[in-house]
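# Remarks on the overall topology
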Amino acid sequence: MIVDGCIHRAAGPLLTDECRTLQHCDTGKAKITSGYRLPAKYVIHTVGPIAHGEPSANQAEELRSCYLSSLDLLLEHRLRSVAFPCISTGVFGYPNEAAAEVVLAALREWLEQHKDKVDRLIICVFLEKDENIYRQLLPHYFPVDLSGPAGPRSQL
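Residues numbered from 1 in each chain as written. Predicted model: local features only at pLDDT ≥ 70, side-chain atom pairs only at ≥ 80, totals over all residues. Heavy atoms only, no water.

Per an unreviewed UniProt entry, the protein chain goes by Macro domain-containing protein and derives from Marmota monax.

Dropping the structure here:
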């Protein structure tokens, strides 16, 4: 909810007005609006699962679907980059490390099929513990080849 509030405040009241026209959005699905006063042309909205304790397999699939549904909209609207917050962590209770595992696996899977259709996928973190988690897990999902003449590269 923090991310949602920050985005709405920065985008201005027209974003809220457009969101009211979207109707309901199921958990794991995504919808797109204009960005209004944001330095982004669009905002992709998704509803993450609420987890209390260890997430179920269904909740993991819903979280995975949040990212994949958002990426479907990226393709549909011919966008080349997207920034993701840590969906469902924080007040939604999804454990941060478990969420990061789901996210990185989903992004890796998606990039294996669509790497030529995107320039940049960004994971925005708010908490230092999330930064530490992603720094620890990223090399497992996106190994870097340091031997090439151009320097570090993903092996995708």
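Structure shown, so let's carry the discussion forward.
### Focus on the nonpolar core
Soluble globular proteins: nonpolar side chains tend toward being buried together. In this structure, Leu 63, Tyr 67, Leu 71, Phe 84 and Trp 110 are the most contacted members of the largest nonpolar core, which totals 31 residues. Setting aside chain neighbours within four positions, we find Phe 84 in contact with Tyr 67, Ser 70, Leu 71, Leu 107, Ile 122, Ile 123 and Cys 124. (Core = buried A, V, L, I, M, F, W, Y, C linked by side-chain atoms within 4.5 Å. Buried < 20%, exposed > 50% of the residue type's maximum accessible area, 1.4 Å probe, protein only. Contact = heavy atoms within 4.5 Å.)

### Structural notes on helix H4 (residues 96–114)
For H4, which comprises 19 residues, the first-to-last C-alpha distance of 26 Å matches the rise-based estimate of 27 Å (1.5 Å per residue) to within 8%. Asn 96, Ala 99, Ala 100, Val 102, Val 103, Leu 104, Ala 106, Leu 107, Arg 108, Trp 110, Leu 111 and His 114 are the residues of H4 that are buried. Elements in contact with the buried residues of H4: helix H3 (57–76), strand E3 (81–84), strand E4 (120–123) and helix H5 (128–141). (Helix = DSSP H or I, 4+ residues; strand = E, 2+ residues; numbered from the N terminus. Expected span 1.5 Å × (residues − 1).)

### Structural notes on the side chain of Ser 88
Examined against the element boundaries, Ser 88 turns out to sit in the loop between E3 and H4. On the basis of relative accessibility, which here comes to 6%, the residue Ser 88 falls in the buried class. At a separation of 2.7 Å, a polar atom in the side chain of Ser 88 contacts the main-chain carbonyl oxygen of Pro 49. Excluding anything up to four places from it in sequence, Ser 88 contacts Gly 48, Pro 49, Leu 63, Gly 93 and Tyr 94. (Polar contact = N/O pair within 3.5 Å; in protein donor to acceptor, adjacent residues only side chain to side chain.)

### Focus on the pairing of E3
Across the two faces of E3 the burial differs, with Val 82 and Phe 84 buried and Ser 81 and Ala 83 not buried at all. Pairing geometry for E3 and E4, over four bridges, is parallel. Counted as the bridge partner of Phe 84 is Ile 123 from E4. This β-α-β element, E3 to H4 to E4, shows right-handed connectivity. (Pairing = 2+ DSSP bridges. Right-handed = clockwise from strand over helix to strand, strands pointing away.)

### Here we look at H3
For H3, built from 20 residues, the straight-helix expectation of 28 Å at 1.5 Å per residue is met to within 8% by its first-to-last C-alpha distance of 28 Å. By the burial criterion, the buried members of H3 are Gln 59, Leu 63, Ser 65, Cys 66, Tyr 67, Leu 68, Ser 69, Ser 70, Leu 71, Leu 73 and Leu 74. For H3, the elements touching its buried residues are strand E1 (30–34), strand E2 (42–46), E3, H4 and E4.

### Things to note about the pattern of salt bridges
Going through the model one piece at a time under the given rule, you end up with six salt bridges. Between Arg 20 and Asp 17 there is a salt bridge, and its shortest N-O distance comes to 3.1 Å. Residue Arg 20 and its partner Asp 17 are located together in helix H2 (residues 13–20), separated by three residues, close to a single helical turn. The class for Arg 20 is exposed, based on a relative accessible area of 60%. Between Arg 108 and Glu 112 there is a salt bridge, with its nearest N and O atoms 2.9 Å apart. With Arg 108 and Glu 112 both in helix H4, this residue pair falls four residues apart, about one helical turn. (Salt bridge = Lys/Arg side-chain N within 4 Å of Asp/Glu carboxyl O.)

### Brief notes about the packing of H4 against H5
Where H4 contacts H5, the axes come no closer than 10 Å and their chain directions differ by 40°. Taken together, H4 and H5 sit at an angle that is classed as oblique. Between H4 and H5 lies a crossing of right-handed hand. Where H4 approaches H5, its residues Asn 96, Glu 97, Ala 100, Glu 101, Val 103, Leu 104, Ala 105 and Arg 108 are matched on the opposing element by Lys 129, Asp 130, Ile 133, Tyr 134, Leu 137, Leu 138 and Tyr 141. Here the residues of the contact of H4 with H5 sort into nine nonpolar, one polar and five charged. (Axes fitted to C-alpha atoms, helices over the stretch in contact; angles between N-to-C directions. Parallel < 35°, antiparallel > 145°, perpendicular 65-115°, else oblique. Left-handed = near helix turned anticlockwise from the far one by under 90°. Nonpolar A, V, L, I, M, F, W, Y, C, P; charged D, E, K, R; others polar.)

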